[in-house]
Amino acid sequence: MISISNPTYSLSIPSVSFSTSSLFTQREVANFSHSRRNPCLRSSPNCCVSLAQPTMTKLQTKPSPAEVSRTIMELSSKGTLCTLNQEGWPLGIGVPFAVDPQGLPILCLNAKNRDLSTDTRSSFHVQLEQSGIRRPQCILVGSLNKPEDSLLLKFHEQWVKRFGEKVDEDLIYVVYLERLLHLEESKEDGIWVTSLEYMKAYPDPLRNYAEKIVNEMNANHMEDVHRFCSIYVDLGFEVAEAKMIWVDRLGFDVRLHSTQNNVYEVRIPFDREVADEKGVKSSLNCMSQLAWEVEKNYIALDFEKVTHLKQICFAGN
């Protein structure tokens, strides 16, 4: 229970349980003064939010392509290895993989597949499905080689950790990265990432909770998802449907359908970086309370709305 008190009123805000039809089962009117900068924390000065430091800058609204790619690799366990066969034709095969601490894919190839080509140049494609809506991808370009003997035991341990089974160490290979292509959507232009940028990046700390939180929001808190869009986003149209796609340490993405059947995607950032599942729920709690108060005209809107919407498709496309 989050409790706020001052000399003139007392307000109790239930914490997020993600088990009821609304983030807030009880709404009480508050008339406290707010700082102009913190849209999440503004409604509750004593709101308990688990935060990671430092505070976000204005430009830090979403993870970098390198971070997203590291997250895709950590959450996935199957990819497509593309090499040249003995006749020189490109050939792709689906294979399971684990990742080493730097995000490089560790493969276990059967005796036949490991002799696909004498050319070690390869690419490795991995795709992550988010809420059945978006499928970000990364393509690692590099060389397929046997790991050094000193690393073989470590790579085998990574494989056992991921799949719970031992394999013939002679069948373990690694795609040594030269560069990486990140795509948010298959129809969009990709962004090239250097091997150094990728290997120095960290996967998102919320990756193991993101799908659960998004599913809970879409299943039980659609009213709040719609309210987030109407209050925090500068929309010039009526929303027919809103669905959360993904959440990470810096904010969350929502897919919007207008009443004219146009489809948009919008990024709604948190005011501060969150570090764990508790931090996400606390931030959503605070944002929901503030949005409700603005909607009911209990407080004035005194923060900048998100203005950038990415149009996915037009009506009739």
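Criteria and cut-off values
- Residues numbered from 1 in each chain as written.
- Predicted model: local features only at pLDDT ≥ 70, side-chain atom pairs only at ≥ 80, totals over all residues.
- Heavy atoms only, no water.
- Core = buried A, V, L, I, M, F, W, Y, C linked by side-chain atoms within 4.5 Å.
- Buried < 20%, exposed > 50% of the residue type's maximum accessible area, 1.4 Å probe, protein only.
- Helix = DSSP H or I, 4+ residues; strand = E, 2+ residues; numbered from the N terminus.
- Pairing = 2+ DSSP bridges.
- Axes fitted to C-alpha atoms, helices over the stretch in contact; angles between N-to-C directions.
- Polar contact = N/O pair within 3.5 Å; in protein donor to acceptor, adjacent residues only side chain to side chain.
- Contact = heavy atoms within 4.5 Å.
- Salt bridge = Lys/Arg side-chain N within 4 Å of Asp/Glu carboxyl O.
- Phe/Tyr/Trp six-rings, centres within 6.5 Å; stacked < 30°, edge-to-face > 60°.

## Quick notes on the nonpolar core
Most often, soluble globular proteins have nonpolar side chains that are buried together.
Phase 1: Tyr232, Phe252, Val254 and Ile268 are the most contacted members of the largest nonpolar core, which totals 35 residues.
Phase 2: Those elements giving two or more residues to this core turn out to be α4 (207-220), α5 (222-232), β10 (239-248), β11 (251-258), β12 (263-269) and α6 (277-295).
Phase 3: Looking at this core, the element that brings in the most residues is α6, giving six residues.
Phase 4: Counting 34 residues, the second largest nonpolar core, distinct from the first, contains Phe124, Val167, Tyr198 and Ala201.

## Some words on the sheet that holds strand β13 (residues 309-313)
In a beta sheet, neighbouring strands are held together by backbone hydrogen bonds and run either parallel or antiparallel to one another.
Phase 1: Taking strand neighbours across the sheet as the criterion, the four strands line up as β10-β11-β12-β13 in an open arrangement whose pairing is antiparallel. The sheet is open, and its two borders are formed by β10 and β13, each paired with just one other strand. Shown here is a sheet whose adjacent strand axes are inclined to one another by a mean of 25°, direction ignored.

## Quick word on the side chain of Lys310
Phase 1: If you trace the backbone, Lys310 turns up in strand β13.
Phase 2: Of note is the side chain of Lys310, whose polar atom sits 3.1 Å from the side chain of Glu184.
Phase 3: Look past the residues within four positions of Lys310 in its chain and what remains in contact with it is Glu184, Glu188, Val263, Tyr264 and Glu265.

## Details of the pattern of salt bridges
Phase 1: Within this structure, the stated rule accounts for 17 salt bridges.
Phase 2: A salt bridge links Arg249 to Glu273; the shortest N-O distance between them is 3.0 Å. Linking Arg249 in the loop between β10 and β11 with Glu273 in the loop between β12 and α6, this pair joins segments that are 24 residues apart in sequence. Across the pair, Glu273 and Arg249 agree in class, each one buried.
Phase 3: The shortest N-O distance in the salt bridge between Arg267 and Asp253 comes to 3.2 Å. Taken together, the residues Arg267 in strand β12 and Asp253 in strand β11 connect sequence positions 14 residues apart.
Phase 4: Given the relative accessible area of 7%, Asp253 is considered buried.
Phase 5: Look at the salt bridges and you will find they share partners, linking Lys62, Arg134, Glu184, Asp248, Asp253, Arg255, Glu265, Arg267 and Lys310 into a network.

## Section: the packing of aromatic side chains
Given two aromatic rings, their pairing is described by the distance between the two centres and the angle made by the two planes.
Phase 1: According to the stated counting rule, one finds eight aromatic pairs in the structure shown.
Phase 2: Ring geometry for Phe252 versus Phe270: centroids 5.9 Å apart, planes at 55°, classification tilted. Of this pair, Phe252 sits in strand β11 while Phe270 sits in the loop between β12 and α6; the two residues are 18 residues apart in sequence, bridging distant segments of the chain. Neither residue differs from the other here; Phe252 and Phe270 are each classed as buried.
Phase 3: Judged by centre distance (5.4 Å) and plane angle (55°), the rings of Trp292 and Tyr298 are tilted.

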